[in-house]
Amino acid sequence: MKRQISIQSFFGSTSKRQKSDETLTTRNEDFTNAESAVNERAVDVVSALESVSLVKEALQDVRDNIGEFHAKWYSQILKMADDLDVTPSKPRTCGRQTTRSNVPCESTEDYYKKTIAIPLLDHMLTEMNSRFGDLQIKASMGLQVIPAMIGQSSTTDFEYFVDDLPSPSTLEQEMHMWKLKWANESDPPSDIITALQNCSSIIFPNVHQILKICGTFPVTSCECERSISRLRLVKTYLRSTMSTSRLSSLIMMYAHRNMTVNPKEVVMQYARRNPRRIVLPDILVD
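The rules we used
Residues numbered from 1 in each chain as written. Predicted model: local features only at pLDDT ≥ 70, side-chain atom pairs only at ≥ 80, totals over all residues. Heavy atoms only, no water. Patch = residues over 30% accessible without salt bridge, like charges linked within 9 Å, V, L, I, M, F, W, Y side chains within 5 Å. Areas by Shrake-Rupley, 256 points an atom, 1.4 Å probe, with all protein chains shown as cover. Salt bridge = Lys/Arg side-chain N within 4 Å of Asp/Glu carboxyl O. Helix = DSSP H or I, 4+ residues; strand = E, 2+ residues; numbered from the N terminus. Phe/Tyr/Trp six-rings, centres within 6.5 Å; stacked < 30°, edge-to-face > 60°. Lys NZ or Arg CZ within 6 Å of the ring centre and 35° of its normal. Buried < 20%, exposed > 50% of the residue type's maximum accessible area, 1.4 Å probe, protein only. Axes fitted to C-alpha atoms, helices over the stretch in contact; angles between N-to-C directions. Parallel < 35°, antiparallel > 145°, perpendicular 65-115°, else oblique. Contact = heavy atoms within 4.5 Å. Nonpolar A, V, L, I, M, F, W, Y, C, P; charged D, E, K, R; others polar.

By the naming in an unreviewed UniProt entry, the protein chain is HAT C-terminal dimerisation domain-containing protein, taken from Mytilus edulis.

Put into structure tokens, the structure is as follows:
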């Protein structure tokens, strides 16, 4: 007699044991390529964003045709269940439910489609749209001023930065000069720091400003989370009444504690900022 068991766990292991059809394989390759592009060097962020758009379209296509795709997935699940001597089943539906909601469904296949497949796809689409919205994509387009990517850019890609540019009316001419500067270079800079070092703020003020803005973009939220952790270490219960200026200074000192500081230079700088009638003694000299 076959055992009655939930097949919810099979949805996570289907791709490991069975080969998907050609359409599903294509979408899996899109996801893998996008992940690889994101993990490449910073110069490939623009290409990764294009792959992100492709992944979002693929997920939306699967969501719009969930009946067709879920039927293929469920047929593979049935084959696996038969090999393991398991009968697919769903929780019973009762009149009054207190621990979970009753899902209206006509069959076991319909139950798992409504409780697993559809919520999972909706969650993935929501996360993709929130993490890779239009604002993030427009801001990341500024990376195309990097000389290694300059051949693929146009002035319309920098609309997000127009309000921060010193002379937006000359951006088109400036970009033309910037392209000619690196046209014959065999190894142009491929990162923001190197490009910024080779960009004159006098000749290329707009490009210089775009590079500065892109150089300050946070790649992840790690810095913010680390700042919160440092705040908890610095602002203890015994030091909770310090001023904002002192607290910020202590956190900066703690965050950059690997930097070498010359105490004598600090004392002299303090003396210059706070001149007094008396001679400030040098505490470092006996």
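Here we come to a nonpolar patch on the surface. On the surface, Met-177, Ile-202 and Ile-203 cluster together to form a nonpolar patch covering roughly 340 Å² of accessible area. Note that Met-177 resides in helix α7 (residues 171-181).

Turning our eyes to something else, we now look at unusual backbone geometry. The backbone phi angle of Asp-85 is positive, close to 60 degrees, even though this residue is not glycine. Mapped onto the secondary structure, Asp-85 falls in the loop between α4 (66-83) and β2 (86-89).

On to the packing of aromatic side chains, then. Across all of its chains, the model carries 5 aromatic pairs by this definition. An aromatic cluster of three or more residues is present, and its members are Trp-178, Trp-182 and Phe-204. One cation-aromatic arrangement involves Lys-181 over Trp-182; the distance from NZ or CZ to the ring centre is 5.2 Å. For Arg-257, the ring lying beneath its charged end belongs to Tyr-254, and the centroid distance is 4.7 Å.

We now examine the pattern of salt bridges. Should the charged atoms of two oppositely charged side chains come close, the side chains can pair. This model, assessed by the stated rule, comprises 4 salt bridges. Between Asp-122 and Arg-63 there is a salt bridge, and its shortest N-O distance comes to 2.7 Å. Within this pair, whereas Asp-122 is found in helix α5 (residues 108-131), its partner Arg-63 is found in helix α3 (residues 45-64), the two being separated by 59 residues in sequence. On the basis of relative accessible area, Asp-122 is assigned to the partly exposed category, the value being 31%. The exposure class assigned to Arg-63 is partly exposed, which follows from its relative accessible area of 22%. The salt bridge partner of Lys-114 is Asp-110, with a shortest N-O separation of 3.3 Å. Of this pair, Lys-114 and Asp-110 both sit in helix α5, 4 residues apart, which is roughly one turn of the helix. Overall, the relative accessible area of 36% leaves Lys-114 in the partly exposed class. If you follow the salt bridges from partner to partner, you end up with Asp-110, Lys-113 and Lys-114 in one network.

Orientation of α7 relative to helix α9 (residues 205-215), taken along the N-to-C sense of each, is 85 degrees, at an axis distance of 8 Å. Taken together, the axis directions place α7 and α9 in an arrangement best described as roughly perpendicular. Here Leu-171, Glu-174, Met-175 and Trp-178 of α7 come into contact with α9, specifically with Pro-205, Asn-206, Val-207 and Ile-210. Tallied by class, the residues present in the contact of α7 with α9 amount to 6 nonpolar, 1 polar and 1 charged.

Here the focus is the environment of Gln-144. Take Gln-144: it is sitting in the loop between α6 (134-140) and α7. In the structure, Gln-144 is positioned 14 residues away from Phe-158 in sequence and 8.9 Å away in space, judged by C-alpha atoms.

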